[in-house]
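Understanding the architecture of this molecule
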Amino acid sequence: MEKNDPRTYGKHIVQYPMDYSLCAGCTTCEIVCTLTHDGLVSPSYNRIFVDRGTRSMVHHILSCQHCSDHPCYNACPKKDKAMCIDENNIVYVNEDECVGCGLCQKACVFEPSRINMVKSADKKQRKAKKCDMCRTRPEGPACVQWCPVRCIGLSTDPLPWEVESK
Amino acid sequence: MSEMRYGYVGKIARINLTTSTVEMISTFDYVPEYIGGRLVCNKIFWDNVKPGTGALDPENMLIYMTGATTATGIPTGGRSVFTGISPNSFPEQYVWSGMGGWLGAELKFAGFDGFIIEGKAEKHTYIYIEDGKVELLPADDLWGLMVHPTQKKLEEKHGKDVKSMVIGPAGENLMRNATVTTSNDSVAAKGGFGAVFGSKNLKAITVRGHGVVRPYDIDKLFELRMKMANPTMRPCPVVREATHGMDGNMIPVEGGWLRGQVACSHGCNQHCNRLMMDMKSAFSDERINQVEKCVGIFAYGYQEDCSWSPIQNFETERNHFLPCKMLSMENPPPDFEDPYAPELFKQVRGDIVNFWKPDFDKGSVMMDMCNQYGIDKWDVIVWFMTWLSMCKQEGLLEDMDFGMEVDVENEEFVKYFLDMITYRKGKYGPIFAEGMARAIRTLGKEKFGDSIYHGRYSQMINKPLDLPVSLETAWGHSFHWQGRGFEGSIYKAGWVAHSLELMTSTRDIMTIAHFHDDYENFLKYRDDPYHSRELVDAVIFNENKAELKDSVTTCEWQSPDIYWPDMEAQMYEAATGIPTTQEDLDFASERSRLIFRAILIRNFGRTREMEVNAVFPALTIPDTFGEVATWEEWNDLVDLYYEVKDWDKETGWPTREVYEKYGLKYIADELEALGKLPQ
Ligand code: SF4
């Protein structure tokens, strides 16, 4: 990508406007993300984030935008083994190979980074967690399937409040 | 039992604020025998808090517990519970208080199933918990702040992703109905535990966790997500409503108002909290969002009491829906093929009471003040404000100088009054900060509690009815679906059942024990609920379910589903992997209620005489149909209830055999030594 070219994005999770459906703040999306990927629930594992409006009760969904130029993939010291790109151009993490260095997390252009890291005293447990669009799941992304108010879906447009910070 | 790795995370932190020490207790000292949540709290309280301890004494323990379902993604598992001695209960007694939000889940991610707070910090303090570590930190820069600024400051200090529970000025100033507030306007309110925080110099508890919670059966979990309360799984937009309120309190709102629906707690599959957006604030020109639940609607206008239909308590298999559907307005359409449908949906209109005319902005300001000062909205809306209105109309306040003319329809007066009581200002601030039950007795109960208000009119029998100026029921709480007072329009069988549940309790039970029964059962006791074994059995069923809601955990608005009686057992088993039947949970809740009863007997002198005298007077006020309970009827029902429970009819105390049947010999022994077992 040239320096001044606008970044383009692949298909990713978007939150719809509230006059279509208001996020209930139930965190189901975070929960089903880790249940389907990891068989557990943990804020260190989810690949979609509810930016909680503790007092406003208006919540924003943050997730990987699947940047076409994939800076996270570019930063991975074990690219094509740990950080990989599949036939549909989805960038995903092969956790068996991930060494937990955190370079992909740092390379993410969004703030906060859309790549989560498992925090563990045991270095071997540290793994990057990145949205892979549930690429092997026939029903598609679990968060979209299970959101009780259908306020998230798929698009290639960026979310209005997503600001690239880096 | 540390090999058990599903549902629970394994530790309870016992935090002593006097000695600044933290002891780690294994959750598995208590579970699975005591399930979790309130059942564990009851056991801890029995073991640790001596008779004679007062609510605001350092020795009072606040016990906070999550359940095995919390943070698993099983719907409603995000609910959690506090217990301790309540300053708001009259007299002070052991109570529970539920709470939603995200903090319970976060605590589990931080490695704790719960915590116990005891002692008193020397200085203003807050507790910071992160990933297995508990720190006591100075709260000088937080003390004095209202609820939302406190939450905000804690996020500034520790990061936006922390979850906090905090008190506002009401708790700091030991107002007896002060709340502990977490996110989403979720509060532990009715216990007045905000004042217990204040008495311990504790401003807040802030939590961050990065750990893991493992549910046992993920397929089952997903099945429960689709089945529990039948989620609509469809978009739920923000809509502009043209009017606000219900029944006789409905008013047009100029320009309309924005309504959304949000969930109260982590992982729920419903969105029953009504979000009111862009509302008037009491404190600034900035517009605010706030949540309205059942009582909040009356802050805006209270000329007429709430209407009721039998379906809210008495259901059929073809027509039943859970309360979570009501505020989100997602009730399924009635099935009129059901022969009982016309009866089930017949509306009983609320009494005309004329407490205050609808005023949208004033209602919003009242709500905001309760949220920010950290005061229980129930006490403010249902009791303080109605009392002021009725006393004013009856000319009882003429000799009292509040420093401003009493006028509950004047926004400035509402602000003035709530400020006065929160900060204990002037002559009357300290009196009302003690809560209405105590304030009325200080002022003189005969005049300020029992005087009759003449503005009540029944729309069901078309005639005026008496109502005392104080809407007090029992245990320092106000009426709630009890046939008179707030949410009073309900058939006799409903208010008799609710009053029986209230009698053996220590606070308003309706946040966790709305009575539900099958309509055909109801037909058996509709005319004479006082001599009905069916009614007593249904009361016990609802009492046990209430215990489970705070323990498994689940929620008053999704449980019980009387046509799916083992729902809670399925939830518990999916979370923990422990094979569980409804009978197992019934046994556990009966045992928990026995421990609760034993606490009341040992620590607070509970007897039959005490509880009958606490509840009965309110039942002599006519209900919407002009009916009252007689002393004989009520005592016949109490006899029958005690008989079924195998409690002594004279004292109301359970027998040794009952305690032993539930594995509580140690409690029977202790009570016997104190002379508190029936002869
Ligand atoms: S599941 Fe849907 S409603 Fe719930 S937090 Fe996620 S996006 Fe919001």
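**Digging into the overall build of chain A**
Looking only at helices and strands, chain A features 4 helices and 8 strands. Taking 166 residues into account, the globule formula puts the C-alpha radius of gyration at 15 Å, and chain A, at 15 Å, falls close to it. A principal-axis box enclosing the C-alpha atoms of chain A has dimensions of 45 × 40 × 35 Å. Expressed as a percentage of the 166 residues in chain A, the buried residues total 57%. By sequence separation, contacts in chain A at least 24 residues apart represent 63% of the contacts at least 6 residues apart. The average position of the 22 basic charges and that of the 20 acidic charges among the side chains of chain A differ by 7 Å.

**Some thoughts on the packing of helix α10 (residues 360–373) of chain B against helix α12 (residues 411–422) of chain B**
Residue and element names in this part refer to chain B. The geometry of α10 relative to α12 is characterised by a closest axis approach of 9 Å and an angle of 15° between their N-to-C directions. The angle between α10 and α12 falls in the class roughly parallel. The element α10 and its partner α12 pack so that their crossing is right-handed. Taking contact as the criterion, the partners of Asp-361, Lys-362, Val-365, Met-366, Met-369 and Tyr-373 in α10 are, on α12, Glu-411, Val-414, Lys-415, Leu-418, Asp-419 and Thr-422. Each residue belonging to the contact of α10 with α12 can be placed in one class, and the counts come to 6 nonpolar, 1 polar and 5 charged.

**A few points about the interface of chain A and chain B**
Chain A puts 38 residues into the contact, and the matching count from chain B is 47 residues. Seen at the junction of chain A and chain B, the total is 2 salt bridges. Linking A:Asp51 and B:Lys160 is a salt bridge whose minimum nitrogen-to-oxygen distance equals 2.8 Å. Viewed at the interface, chain B and chain A are joined by 22 residue pairs in polar contact (both at pLDDT 80 or more). Within the residue set of the side of chain A that touches chain B, elements represented by two or more residues are α1 (28–38) and α4 (142–146) of chain A. Considering every element that reaches the side of chain A that touches chain B, the biggest residue donor is α1(A), with 5 residues. Here the residues of the side of chain A that touches chain B sort into 19 nonpolar, 13 polar and 6 charged.

**Notes on the side chain of B:Lys163**
Within the element layout of this structure, B:Lys163 appears in strand β9 (residues 163–166). Of note is the side chain of B:Lys163, whose polar atom sits 2.7 Å from the backbone oxygen of B:Asp161. In contact with B:Lys163, other than residues within four places in its own chain, are A:Arg52, B:Trp102, B:Leu103, B:Glu106, B:Ile205, B:Thr206 and B:Val207.

**Concerning the layout of surface pockets**
What the second largest pocket holds in volume is close to 870 Å³. Taken together, 40 residues line the second largest pocket, and the ones lying closest to its centre are A:Pro43, A:Phe49, A:Val50, A:Pro112 and B:Asp161. Elements that contribute at least two residues to the lining of the second largest pocket include exactly α1, β2 (48–51), β3 (60–63) and α3 (103–107) of chain A together with α2 (103–109) of chain B. For the lining of the second largest pocket, the per-class residue count stands at 13 nonpolar, 13 polar and 14 charged.

**Comments concerning the nonpolar core**
It is characteristic of soluble globular proteins that their nonpolar side chains tend to be buried jointly. All names here are of chain B. Counting residues in hydrophobic clusters, the biggest one holds 191 residues, and the most contacted among them are Trp-387, Phe-417, Phe-432 and Trp-634. In terms of residue count, the dominant contributor to this core is helix α11 (residues 377–393) (11 residues). Mapped onto the domain boundaries, this core takes at least three residues apiece from domain 1 (11–208) and domain 2 (462–673). Aside from chain neighbours lying at most four places away, what touches Trp-634 is Val-496, Ser-499, Leu-500, Met-503, Tyr-530, Val-612, Val-615, Phe-616 and Leu-619. Within the second largest apolar cluster, 28 residues are counted, among which are Ala-121, Ile-129, Ala-188 and Val-207.

**Some details on helix α1 (residues 37–48) of chain B**
Spacing of three or four residues puts side chains on the same side of an α-helix, whose turn is 3.6 residues. In this model α1(B) runs 17 Å from its N-terminal to its C-terminal C-alpha over 12 residues, within 8% of the 16 Å that 1.5 Å per residue would give. Taken across its 12 residues, α1(B) has 10 buried, putting it largely inside the fold.

**Comments concerning the state of the cysteines**
All names here are of chain A. Throughout the structure, instances matching the rule amount to 0 disulfides over all chains. Just so you know, Cys-134 is unpaired, no disulfide at all, and the nearest cysteine sulfur is the one on Cys-143, 6.3 Å from it. Overall, the relative accessible area of 12% leaves Cys-134 in the buried class. Here Cys-151 is not disulfide-linked; the sulfur of Cys-147 is the nearest cysteine sulfur, at 3.9 Å. We classify Cys-151 as buried; its relative accessible area is 2%.

**With respect to the side chain of A:Thr28**
By the secondary structure assignment, A:Thr28 is in helix α1. Within the structure, A:Thr28 has its side chain in polar contact with the backbone oxygen of B:Cys268 (distance 3.4 Å). Apart from residues lying up to four places away in sequence, A:Thr28 is in contact with A:Trp146, A:Pro148, B:Arg225, B:Gly267 and B:Cys268.

**Remarks on the pairing of strand β2 (residues 21–26) of chain B**
Residues and elements named next belong to chain B. With 6 bridges joining them, strand β1 (residues 11–16) and β2 adopt antiparallel strand pairing. Bridging from a neighbouring strand, Arg-14 pairs with Glu-23 of β2. As consecutive antiparallel partners, β1 and β2 are separated by 4 residues, and within that stretch Ser-20 has a phi angle of approximately 55°, a positive value.

**Here's the deal with the sheet that holds strand β16 (residues 288–292) of chain B**
All names here are of chain B. Sheet architecture is open: 4 strands sit in the order β13-β14-β15-β16, paired in antiparallel fashion. Unpaired on one side and paired on the other, β13 (239–244) and β16 mark the two borders of the sheet. Neighbouring strand axes in the sheet, compared pairwise and without regard to direction, differ in orientation by 40° on average. Across 5 bridges, β13 lies against strand β14 (residues 251–262) in antiparallel orientation. Residue Val-239 lies in a different strand from β14, and its bridge partner there is Arg-259. Contacts from α10 reach β13, β14, β15 (273–279) and β16 within the one sheet, and its direction differs from that of β16 by about 85°.

Calculation rules
Residues numbered from 1 in each chain as written. Chains lettered and ligands numbered in written order. Predicted model: local features only at pLDDT ≥ 70, side-chain atom pairs only at ≥ 80, totals over all residues. Heavy atoms only, no water. Helix = DSSP H or I, 4+ residues; strand = E, 2+ residues; numbered from the N terminus. Rg over C-alpha atoms; globule rule 2.2 N^0.38 Å. Buried < 20%, exposed > 50% of the residue type's maximum accessible area, 1.4 Å probe, protein only. Contact = heavy atoms within 4.5 Å. Lys, Arg positive; Asp, Glu negative; His and termini not counted. Charge placed at Lys NZ, Arg CZ, Asp CG, Glu CD. Axes fitted to C-alpha atoms, helices over the stretch in contact; angles between N-to-C directions. Parallel < 35°, antiparallel > 145°, perpendicular 65-115°, else oblique. Left-handed = near helix turned anticlockwise from the far one by under 90°. Nonpolar A, V, L, I, M, F, W, Y, C, P; charged D, E, K, R; others polar. Salt bridge = Lys/Arg side-chain N within 4 Å of Asp/Glu carboxyl O. Polar contact = N/O pair within 3.5 Å; in protein donor to acceptor, adjacent residues only side chain to side chain. 1 Å grid on protein atoms, 1.4 Å probe; cavity = no way out; pocket = protein on both sides within 12 Å on 5 of 7 lines; lining within 4 Å. Points joined across faces, edges and corners; volume = space filled by probe spheres on them. Core = buried A, V, L, I, M, F, W, Y, C linked by side-chain atoms within 4.5 Å. Domains from an automatic or database assignment. Expected span 1.5 Å × (residues − 1). Disulfide = S-S within 2.5 Å. Pairing = 2+ DSSP bridges.

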